[in-house]
Amino acid sequence: MNKNQKCAAAIGAVIILSAAMIVLRDHIRGDERIAYIYSNDELIETIDLNAVEYPYAFMVGENGGDHNIISVRKGEIGVIGASCPDKICMDTGYISSPALPIVCLPNKLVIEVRSSKNADDIDAVTR
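Residues numbered from 1 in each chain as written. Predicted model: local features only at pLDDT ≥ 70, side-chain atom pairs only at ≥ 80, totals over all residues. Heavy atoms only, no water.

1. Quick notes on the overall build of the protein chain
Right, so step 1: Across its full length, the protein chain carries 2 helices and 7 strands.
Right, so step 2: Order of helices (α) and strands (β) in the protein chain, N terminus to C terminus: α-β-β-β-β-β-α-β-β.
Right, so step 3: Split into buried and exposed, the 127 residues of the protein chain put 24% on the buried side.
Right, so step 4: Long-range pairs, those at least 24 residues apart, make up 32% of the contacts in the protein chain between residues at least 6 apart in sequence. (Helix = DSSP H or I, 4+ residues; strand = E, 2+ residues; numbered from the N terminus. Buried < 20%, exposed > 50% of the residue type's maximum accessible area, 1.4 Å probe, protein only. Contact = heavy atoms within 4.5 Å.)

Next comes the structure, spelled out in structure tokens:
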């Protein structure tokens, strides 16, 4: 093997190991991700996102009235349909962390993800 082939092999190995660590990081940390779905300020559903085996969708609200269609996949949740005029809840996409909830103000829907990670842990420091 010449010098260029050894360098390419080393770079390839680093890329493969990095990808494997990204895929396995949630299992290594053991973080639970629970989605809490609120409608009209009432908790209507909790979903363990890590326990989802098959994707599924369900509707919150009234058929023909104000409603949202929620899609659940392994590790993430999102709104894929809504009767609201602005569709901001759909534009949020899928979420998997507590950083950003999904909110549909017209339909009074809030979806937030909470982690089992210790709430006292410091995520970032600012000045």
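2. Remarks on the sheet that holds strand 1 (residues 33-39)
Right, so step 1: Read across the open sheet, the 4 strands follow the order 2-1-7-6; overall the sheet is antiparallel. Every other strand in the sheet has two partners, leaving strand 2 (42-48) and strand 6 (102-104) as the edge strands with one partner each. Taken over all neighbouring pairs, the strand axes of this sheet differ in orientation by 20 degrees on average, direction set aside.
Right, so step 2: In the sheet, strand 6 pairs with strand 7 (residues 109-115) via 3 bridges, with the strands oriented antiparallel. Residue pairing for strand 7: Val 103 is matched across the bridge by Val 110. (Pairing = 2+ DSSP bridges. Axes fitted to C-alpha atoms, helices over the stretch in contact; angles between N-to-C directions.)

3. Quick word on the pairing of strand 5 (residues 76-82)
Right, so step 1: Here strand 5 lies mainly inside the structure; 5 of its 7 residues are buried.
Right, so step 2: Here strand 4 (residues 67-73) runs beside strand 5; their pairing, made up of 6 bridges, is antiparallel. Looking at the pairing, Ile 69 lines up with Gly 81 of strand 5.
Right, so step 3: Hairpin connection from strand 4 to strand 5: 2 residues lie between these consecutive antiparallel strands, with Gly 75 at a positive phi of about 85 degrees.

4. Here we look at the pattern of salt bridges
Right, so step 1: Under the criterion given, the structure shown has 2 salt bridges.
Right, so step 2: Notably, a salt bridge pairs Arg 73 with Glu 76, separated by 2.6 Å at the nearest N-O pair.
Right, so step 3: Judged by relative accessible area, Arg 73 falls into the partly exposed class, the value being 33%.
Right, so step 4: On the basis of relative accessibility, which here comes to 23%, the residue Glu 76 falls in the partly exposed class.
Right, so step 5: Among the ionic pairs, Glu 112 bridges to Arg 114, the shortest N-O distance being 2.5 Å.
Right, so step 6: Taking the relative accessible area as the measure of exposure, Glu 112 reaches 23% and is therefore partly exposed.
Right, so step 7: Since its relative accessible area comes to 36%, Arg 114 is described here as partly exposed. (Salt bridge = Lys/Arg side-chain N within 4 Å of Asp/Glu carboxyl O.)

5. Quick look at the packing of aromatic side chains
Right, so step 1: Taken as a whole and assessed by the stated rule, the structure comprises 1 aromatic pair.
Right, so step 2: Consider the rings of Tyr 56 and Phe 58, whose centres lie 6.2 Å apart with planes at 25 degrees: the pair is stacked.
Right, so step 3: Look at Tyr 56 and you get partly exposed, because its relative accessible area is 36%.
Right, so step 4: The residue whose ring lies beneath Arg 73 is Tyr 94, and the NZ or CZ to ring-centre distance is 3.6 Å.
Right, so step 5: In this arrangement the basic side chain of Arg 114 is found over the ring face of Tyr 36, its NZ or CZ atom lying 4.1 Å from the centre. (Phe/Tyr/Trp six-rings, centres within 6.5 Å; stacked < 30°, edge-to-face > 60°. Lys NZ or Arg CZ within 6 Å of the ring centre and 35° of its normal.)

6. Describing the pairing of strand 7
Right, so step 1: Of the strand pairs in this sheet, strand 1 and strand 7 are connected by 7 bridges, and their pairing is antiparallel. Paired with Tyr 36 across the strands is Glu 112, a residue of strand 7.
Right, so step 2: What sits between the antiparallel neighbours strand 6 and strand 7 is a turn of 4 residues, in which Lys 108 has the positive phi angle 55 degrees.

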